[in-house]
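Structural overview
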Amino acid sequence: VQLQASGGGLVQAGGSLRLSCAASGRRFSINAMGWYRQAPGKQRELVAAITSGGSTNYGDSVKGRFTISRDNAKNTVYLQMNSLKPEDTAVYYCNAEVPMGATMYDYWGQGTLVTVSS
């Protein structure tokens, strides 16, 4: 399973960006998909996650500003980021949980840089 993320870039504070992450590879089903981020000198943290049924979970710092969505037919997850703040600057990684038999495997995209200028 390969995850290809796109949509990062440079934006001014208060602006918006939309990230996309498409999963591809051999036939598979995906459980949850999500976005994590890692800023310099900090640990990777959950931004948002969404199950195959559409249930969502957000990190406290992005609630009300970010929206995660998913197209199951395309195996693609999106992150709409509004009202961006300089503290949102980080490398954003997409994640997919893929069940294989009784085991759940985590797959990660290559990361896309989001830079928010003040």
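Anyway, here's the lowdown on the structure attached to this text. Keep in mind that what you see is a predicted model, and the values were worked out from it rather than measured.

**Some words on the nonpolar core**
Judged by nonpolar contacts, the single largest core of 30 residues is most densely connected at Trp 35, Val 47, Phe 66, Ile 68, Leu 79, Met 81 and Tyr 92. For this core, the element with the highest residue contribution is strand E9 (residues 90–100), accounting for five residues. Those residues in contact with Tyr 92 that lie beyond four places of it in its chain are Leu 19, Trp 35, Tyr 36, Arg 37, Val 47, Phe 66, Leu 79, Met 81, Gly 111, Thr 112 and Val 114.

**Observations concerning the sheet that holds strand E7 (residues 66–71)**
Pairing is antiparallel in the open sheet, where four strands are placed in the order E1-E3-E8-E7. Each end of this open sheet is capped by a strand with a single partner; those strands are strand E1 (2–6) and E7. Geometrically, the sheet is characterised by an average inter-axis angle of 15° between neighbouring strands, direction not taken into account. Bridge count between E1 and strand E3 (residues 17–24): five bridges; the pairing is antiparallel. Its bridge partner being in E3, Gln 4 is matched across the sheet by Ala 22.

**A closer look at the packing of aromatic side chains**
The description of an aromatic ring pair rests on the distance of the ring centres and on the angle between the ring planes. Scanning the model with the defined rule gives one aromatic pair in all. Taking the centre distance of 5.1 Å and the plane angle of 65° together, the rings of Tyr 36 and Trp 108 count as edge-to-face. Residue Tyr 36 is located in strand E4 (residues 33–38), and its partner Trp 108 is located in strand E10 (residues 103–108); the two are separated by 72 residues in the primary sequence. When its relative accessible area of 38% is taken as the criterion, Trp 108 is described as partly exposed. Of note, Arg 18 hangs over the ring of Tyr 78, and the distance from its end group to the ring centre comes to 4.2 Å. The ring of Trp 108 carries Arg 44 above its face, with NZ or CZ at 4.7 Å from the centroid.

**Considering the state of the cysteines**
The full count for this structure, using the stated rule, is one disulfide. Residue pairing for Cys 21: its cysteine sulfur links by disulfide to Cys 94, the two sulfurs lying 2.0 Å apart. The disulfide joining Cys 21 to Cys 94 has a torsion of about 45° about its S-S bond and is therefore right-handed. Pair noted here: Cys 21 is in strand E3 and Cys 94 is in strand E9, with a separation of 73 residues, a long-range link.

**Topic: the pattern of salt bridges**
A full pass over the atoms with the stated rule returns four salt bridges. When the shortest N-O distance is used, the salt bridge between Glu 45 and Arg 37 registers 2.7 Å. Look at Glu 45 and you get partly exposed, because its relative accessible area is 35%. By relative accessible area, which is 6% here, Arg 37 ends up buried.

**Section: the environment of Lys 74**
As for its placement among the helices and strands, Lys 74 is situated in the loop between E7 and strand E8 (76–81). The sequence separation of Lys 74 and Val 11 amounts to 63 residues, and the corresponding C-alpha distance is 27 Å.

Scoring rules and cut-offs
- Residues numbered from 1 in each chain as written.
- Predicted model: local features only at pLDDT ≥ 70, side-chain atom pairs only at ≥ 80, totals over all residues.
- Heavy atoms only, no water.
- Core = buried A, V, L, I, M, F, W, Y, C linked by side-chain atoms within 4.5 Å.
- Buried < 20%, exposed > 50% of the residue type's maximum accessible area, 1.4 Å probe, protein only.
- Helix = DSSP H or I, 4+ residues; strand = E, 2+ residues; numbered from the N terminus.
- Contact = heavy atoms within 4.5 Å.
- Pairing = 2+ DSSP bridges.
- Axes fitted to C-alpha atoms, helices over the stretch in contact; angles between N-to-C directions.
- Phe/Tyr/Trp six-rings, centres within 6.5 Å; stacked < 30°, edge-to-face > 60°.
- Lys NZ or Arg CZ within 6 Å of the ring centre and 35° of its normal.
- Disulfide = S-S within 2.5 Å.
- Salt bridge = Lys/Arg side-chain N within 4 Å of Asp/Glu carboxyl O.

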